[in-house]
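This is what each chain is made of:
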Amino acid sequence: MRINKYIASAGLASRRKADELISNGNVRVNGLVLREPGYDVVEGDVVEVNGRRIEASEKKVYILLNKPVGFVTTVSDDKARDTVMDLVADVDARIFPVGRLDCNTSGMLIMTNDGDFAYRLTHPKHEMPKTYRALVSGVLSDEKCRRLENGVNIGGFVTSPAKVRIVKGMQKATLVDITIHEGKNRQVRKMFKAVGNKVEQLQRIAIGDIHLGRLAEGHYRKLTREEIDYLLTR
Ligand code: URA
C-alpha cells in the first residue's frame, strides 16, 4: 500500500496531509527518513510519523479468484514461479490466499486480508464442503463411486463421507463432481488413485453454496456481502 494511503488509513491524516508530512521529513520507514513519496509499504515495515509508530487498519477485502493451472498458491515463491498474487496485483490491500490449490489445479480460490475470516474458513471444525470437477482416466463404476463416498484410505488416513456425481461418462475417461469436507494434501487426486483412476484435470467449482459460475480463468470478483456472511456463519 502506498505510504500516503497507509498513513491515511491509520487515521492520522488525509492523503494530501500525509504527502506534506512525507515531504517535510516527518515520516520514517524502518528508522530512516522517507525521501520517496511513492513508497509502497511492505509487510514488516515499521512506519513512524513524528516519532510515533503507526499501523494502517486496512479495509477488509474478500475476493474470489478463478485460478488457472500453473500458478502456485503462495504469497511469494522462492523458485520465482508465477503465484496467485500476480493475478491480483491491482488489488490495493495485502490479501493472501485462504487455503491452497495445487499448482496443477484450477478454479475457485478465496483471497482476503481478514485473518479471522481465513481462520474460520480453513478450520477443520467448520467442515466447509468443497466441490471439485475432475476429469479422470477410465470408467468410474458404481462400486467405485460408493467407495469414494464411504471413505477410502489415502495413505494412513480414511476420508470422511463424500458426495460423487458422474457428469459425463466416456469410453476412456469420466467427468465427475466430488464434494469433500476435508483438505488433506492432494486429497482428491489421492482419493481417485485409491480406486484406480488417475486425475487428469482438476478444478474447484464450489465452496459451500458459492459457485465459480462463469468467471473467466485468471479473473477475480469481489464476494458479495451475502456470500461473506454465509461463509462466516455457516
Ligand atoms: N485436492 C487435490 O488433489 N488438489 C487440490 O488442489 C485440491 C484438492
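Keep in mind that what you see is a predicted model, and the values were worked out from it rather than measured.

### Focus: the overall build of the protein
Alright, step 1. Scanning the protein from N- to C-terminus turns up 6 helices and 13 strands.
Alright, step 2. Scaling as 2.2 N^0.38, a compact globule of 234 residues should have a C-alpha radius of gyration of about 17 Å, whereas the protein reaches 22 Å, well beyond that.
Alright, step 3. Referenced to the eigenvectors of the C-alpha coordinate spread, the extents of the protein come out at roughly 75 × 35 × 35 Å.
Alright, step 4. Counting across all 234 residues of the protein, residues that qualify as buried make up 44%.
Alright, step 5. Put simply, of all contacts in the protein between residues at least 6 apart along the chain, 62% involve residues at least 24 apart.
Alright, step 6. Approximately 13,000 Å² of the protein is accessible, and the part contributed by carbon and sulfur atoms is 48%.
Alright, step 7. Separation of charge centres in the protein, based on 39 positive and 30 negative side chains, amounts to 4 Å.

### As for the sheet that holds strand β4 (residues 52-54)
Alright, step 1. What the 4 strands build is an open sheet, ordered β2-β1-β3-β4; its pairing is antiparallel. Looking at which strands have only one partner, the edges of the open sheet turn out to be β2 (32-33) and β4.
Alright, step 2. Of the pairings in the sheet, the one linking strand β1 (residues 27-29) to β2 comprises 2 bridges and is antiparallel in character. Residue pairing for β2: Val 29 is matched across the bridge by Leu 32.

### Some thoughts on the site of the ligand
Alright, step 1. The full set of residues close to the ligand is Leu 101, Asp 102, Thr 105, Tyr 132, Arg 186, Gln 187, Val 188, Arg 189 and Leu 202.
Alright, step 2. Thr 105 is positioned with one of its side-chain polar atoms (N or O) 2.9 Å from an oxygen atom of the ligand.
Alright, step 3. Between an oxygen atom of the ligand and a main-chain N or O atom of Arg 189, the distance comes to 3.1 Å.
Alright, step 4. Ranked by the residues each element gives to the shell around the ligand, the list is headed by helix α5 (residues 187-194), at 3 residues.
Alright, step 5. Here the shell around the ligand is composed, by residue class, of 4 nonpolar, 2 polar and 3 charged.

Rules behind the numbers
Residues numbered from 1 in each chain as written. Predicted model: local features only at pLDDT ≥ 70, side-chain atom pairs only at ≥ 80, totals over all residues. Heavy atoms only, no water. Helix = DSSP H or I, 4+ residues; strand = E, 2+ residues; numbered from the N terminus. Rg over C-alpha atoms; globule rule 2.2 N^0.38 Å. Buried < 20%, exposed > 50% of the residue type's maximum accessible area, 1.4 Å probe, protein only. Contact = heavy atoms within 4.5 Å. Areas by Shrake-Rupley, 256 points an atom, 1.4 Å probe, with all protein chains shown as cover. Lys, Arg positive; Asp, Glu negative; His and termini not counted. Charge placed at Lys NZ, Arg CZ, Asp CG, Glu CD. Pairing = 2+ DSSP bridges. Near = heavy atom within 4 Å. Polar contact = N/O pair within 3.5 Å; in protein donor to acceptor, adjacent residues only side chain to side chain. Nonpolar A, V, L, I, M, F, W, Y, C, P; charged D, E, K, R; others polar.

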